[in-house]
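The lines below spell out each chain.
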Amino acid sequence: MQLPTLRLCALGLIAACAHAQRTHVHYRVTHLPEPAPGAWKIDVRVTGLQDSQRDVRLHVSNWGDWRSLDTPYFTDIVADPPLRPDTHDFEFDLPRRWNGELSLSYRISLQKHGSDEHRSHGLMPWQLSDLASGFAQNTMPRLEREDGSTIQARRTVELQPAEGYVVASGWSGVTRGKQTVELDRPLDQCLVMFGKDPFVATVQQGGRTHEVIQFGSGVKDITKAFATVTGQLLQSFEETFGRGLPKPTRVFITGENPGGGGGVRTDHGVAVNYNANPDSPHYRSTLAHELFHDWLPGVIEPLGPSRVWFFEGFTEYMSLWHAARSGVVDREWFAQRMLEIDRTARASRAFGKTSFTNDTVTWRDGDGPLEVLAYNGGALLALHLDVALRKQSKSSVAAMLHDFAAGDEPGYSLERLKEWTLERGAAEFFTNHIAGGKPFPKTRDALRELGFFRIDAERPGMLTFFGIQTDKGTQPGRITAIHEDSPKLTKNVRVGDVIRDYGPKRPRKVRVKPGLTTEHAFGLTLFDFTPGPNGWWLEIERDGRRQVVAIEPWGWRDCGIETRPVGDPDLLRQFFAN
């Protein structure tokens with residue numbers, strides 16, 4: 001009696017699949033570099049929709065918060081059929097008789113790299129000399145129903161460079177001329193770049209070829225160095241999880257940042273800012289962090305609310321652990337970095353007052369106390385949980401993430417974290433520090449249990465003197481005075497400027513010897529006394545605008561004491577073993 005129903009279901013399924021094959025979404029992205037800073041022209045054509053599918057829209061994700069821009073994000077909009085007025089998405093006013101086709105065209109202006117708009121909306125498409133960079137998710141629309149559900153279709157993306165440019169994307173790497181990609185899934189997050197004369201290096205790992213792609217005229221080629229580092233990190237990740245990822249990894253080196261900080265992970269590779277010094281441990285750890293996101297949350301997805309303190313904080317800790325384990329950074333630097341994270345976390349007003357299990361907390365508060373706690377407190381949470389697990393059951397956070405990535409339903413949730421830790425004797429830690437939000441023990445004591453010890457070493461030329469005084473003493477803040485013997489400084493910085501960032505930063509902690517007194521103390525213990533590839537620099541804010549300026553010290557003080565960790569080889573060998 002069930003056969004007719006089964007037959008109808010099968011026929012319906014076949015018809016739905018056949019219709020999905022008929023529905024086709026074609027995207028074309030054309031790079032228009034002139035007039036500067038240029039634009040991307042987006043053309044979308046949808047064919048094969050049924051007349052019954054009238055609740056359709058083309059939806060562009062607000063990833064990066066483009067809706068908050070002061071100027072229109074989309075311009076020169078042309079649509080057929082015409083768009084409905086007063087809608088947040090591209091919703092069409094379909095006629096009574098409709099052929100099942102949609103067409104849409106618009107432009108997105110590129111932001112000038114380093115401009116105020118770029119600094120406040122860095123995930124929007126931008127232009128820098130001979131490079132334009134952006135992301136698929138917030139430039140091209142998805143074909144959806146008005147309730148947000150996906151419409152099955154075949155999808156083609158065509159990336160058209162300007163003359164003299166090449167295309168680079170996470171989907172297909174570098175191509176000279178037009179790049180065409182066939183997608184068997186809804187439009188996902190992918191980096192798209194149009195540039196000139198890229199450097200490309202490859203590394204073989206687990207039967208796959210991984211690529212490092214770098215654009216930038218007149219800059220040092222760091223792709224080979226980063227390909228080596230990428231291979232070391234991927235091998236370490238694979239040893240932890242017992243398997244590799246099914247697709248190649250692409251690393252894109254983009255932009256120009258004198259500090260070499262910042263990066264982002266997409267569904268098809270990661271991007272990091274350019275730094276002429278690929279040996280910088282901070283820079284290498286940035287790459288490790290973004291690559292580890294391919295596992296967390298790439299494989300270990302949230303099974304419930306997405307918790308920033310877990311997928312960012314635990315990623316920061318585990319990426320540092322793998323970087324030190326694989327030799328990408330010194331093991332002693334791992335300890336030094338955890339001490340830096342400890343100081344940042346404890347400086348947050350939310351430290352010791354906020355439960356990590358509280359679902360009413362807004363962790364994304366624009367680099368406010370909660371977001372600082374999520375990133376840094378989450379990393380500290382992972383470190384201290386690691387110590388507790390190793391003491392109680394000889395397990396580890398690495399073993400926990402291995403288990404979270406395994407099985408029929410890989411992922412993480414608060415319930416799964418609680419169950420896993422309780423089974424391994426860490427119930428008190430979960431109650432006190434994850435659910436209770438109580439402050440962690442001293443991080444230096446935790447590091448000592450793992451095999452790290454601290455020593456003081458006096459070295460000549462340790463302090464870098466710029467003759468700047470801020471309202472925060474040695475720390476960044478508002479400039480209150482500049483030494484009268486610093487004429488070079490007054491060309492670029494003024495009293496009243498606010499120092500937001502600086503470099504090159506010291507890899508290790510330094511303190512001032514007793515007996516040194518000076519009002520102009522900013523930078524003494526912050527800057528490396530050896531200049532970086534871009535010299536010494538400040539990021540300052542003046543009249544609401546940020547800019548990076550070069551500075552030059554006019555004296556060094558031989559009054560510094562360096563505090564650095566050293567490790568017990570046998571204990572560290574055990575700590576960095578899986």
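Before going into details, it helps to say that this report is about the structure given with it.

Criteria and thresholds
- Residues numbered from 1 in each chain as written.
- Predicted model: local features only at pLDDT ≥ 70, side-chain atom pairs only at ≥ 80, totals over all residues.
- Heavy atoms only, no water.
- Pairing = 2+ DSSP bridges.
- Helix = DSSP H or I, 4+ residues; strand = E, 2+ residues; numbered from the N terminus.
- Axes fitted to C-alpha atoms, helices over the stretch in contact; angles between N-to-C directions.
- Contact = heavy atoms within 4.5 Å.
- Expected span 1.5 Å × (residues − 1).
- Core = buried A, V, L, I, M, F, W, Y, C linked by side-chain atoms within 4.5 Å.
- Buried < 20%, exposed > 50% of the residue type's maximum accessible area, 1.4 Å probe, protein only.
- Patch = residues over 30% accessible without salt bridge, like charges linked within 9 Å, V, L, I, M, F, W, Y side chains within 5 Å.
- Areas by Shrake-Rupley, 256 points an atom, 1.4 Å probe, with all protein chains shown as cover.
- Salt bridge = Lys/Arg side-chain N within 4 Å of Asp/Glu carboxyl O.
- Lys, Arg positive; Asp, Glu negative; His and termini not counted.
- Charge placed at Lys NZ, Arg CZ, Asp CG, Glu CD.

1. Remarks on the sheet that holds strand 18 (residues 250–254)
Taken together, 5 strands build an open sheet; the order of strands is 16-17-18-20-19 and the sheet is mixed. The outermost strands of the open sheet, each flanked by one partner alone, are strand 16 (199–205) and strand 19 (263–266). Each strand of the sheet is rotated relative to its neighbour by a mean of 15°, with strand direction disregarded. Here strand 18 runs beside strand 20 (residues 269–273); their pairing, made up of 4 bridges, is parallel. Within strand 20, the position partnered with isoleucine 253 by the bridge is valine 272. Sheet strands in contact with helix 3 (residues 223–241) are strand 16, strand 17 (208–214), strand 18 and strand 20, and its direction is about 25° off that of strand 16. Packing of helix 4 (residues 281–292) onto the sheet brings it into contact with strand 18, strand 19 and strand 20, and relative to strand 20 it is tilted by some 155°.

2. Some details on unusual backbone geometry
Put simply, glutamate 34 and proline 35 share a cis peptide bond, and its omega is -10°. As for its placement among the helices and strands, proline 35 is situated in the loop between strand 1 (24–32) and strand 2 (39–47). In this structure, the amide linkage connecting leucine 296 to the following residue, proline 297, adopts the cis form with an omega of 15°. With respect to the helices and strands, proline 297 occurs in the loop between helix 4 and helix 5 (308–311). In this structure, aspartate 367 takes a positive phi of about 60° despite not being glycine.

3. With respect to the environment of leucine 94
Position of leucine 94 among the secondary structure elements: in the loop between strand 5 (90–91) and strand 6 (102–109). Residues leucine 94 and serine 109 lie 15 residues apart in sequence; the distance between their C-alpha atoms is 29 Å. Residues contacting leucine 94, with those up to four places away along its chain left out, are Arg54, Pro81 and Leu102.

4. Regarding the sheet that holds strand 4 (residues 75–80)
Sheet architecture is open: 6 strands sit in the order 4-6-2-1-11-14, paired in mixed fashion. Of all the strands in the sheet, just strand 4 and strand 14 (179–183) have a single pairing partner and so form its edges. Mean inter-strand twist for the sheet, computed between neighbouring axes without regard to direction, equals 10°. Relative to strand 6, strand 4 runs antiparallel, the two being bridged by 4 bridges.

5. A look at helix 8 (residues 369–393)
Between the first and last C-alpha of helix 8 there are 34 Å, a value that for 25 residues agrees with the 36 Å anticipated at 1.5 Å per step. One or two steps after helix 8, the chain reaches lysine 394, where phi turns positive at roughly 55°.

6. So, the nonpolar core
As a rule of thumb, soluble globular proteins bury nonpolar side chains together. Counting 86 residues, the largest nonpolar core has Trp309, Phe310, Phe314, Tyr317, Phe334, Met400 and Leu401 as the members making the most contacts within it. With 11 residues, helix 8 is the largest single contributor of residues to this core. Contact partners of leucine 401, with chain neighbours within four places excluded, come to Phe241, Phe292, Ile300, Phe310 and Met318. Counting residues in each nonpolar core, the second largest holds 43 residues, with Leu58, Trp98, Tyr165 and Leu183 among its members.

7. So, the environment of leucine 516
The residue leucine 516 is located in the loop between strand 26 (509–512) and strand 27 (536–542) in this model. Taking the C-alpha atoms as reference points, leucine 516 and serine 217, separated by 299 residues in sequence, lie 45 Å from one another. In this structure, leucine 516 is in contact with Leu463, Leu524, Arg557 and Cys559, ignoring residues within four places of it in sequence.

8. With respect to a positive patch on the surface
A surface patch of positive charge is lined by Arg343, Lys442, Arg444, Arg454 and Lys509. Within the element layout of this structure, arginine 343 appears in helix 7 (residues 331–346). Judged by relative accessible area, which is 38%, arginine 343 ranks as partly exposed.

9. Here's the deal with the side chain of glutamine 336
Along the chain, glutamine 336 falls in helix 7. Judged by relative accessible area, glutamine 336 falls into the buried class, the value being 2%. Setting aside anything within four residues of it in sequence, one finds glutamine 336 in contact with Arg343, Pro507, Arg508, Lys509, Thr563, Arg564 and Pro565.

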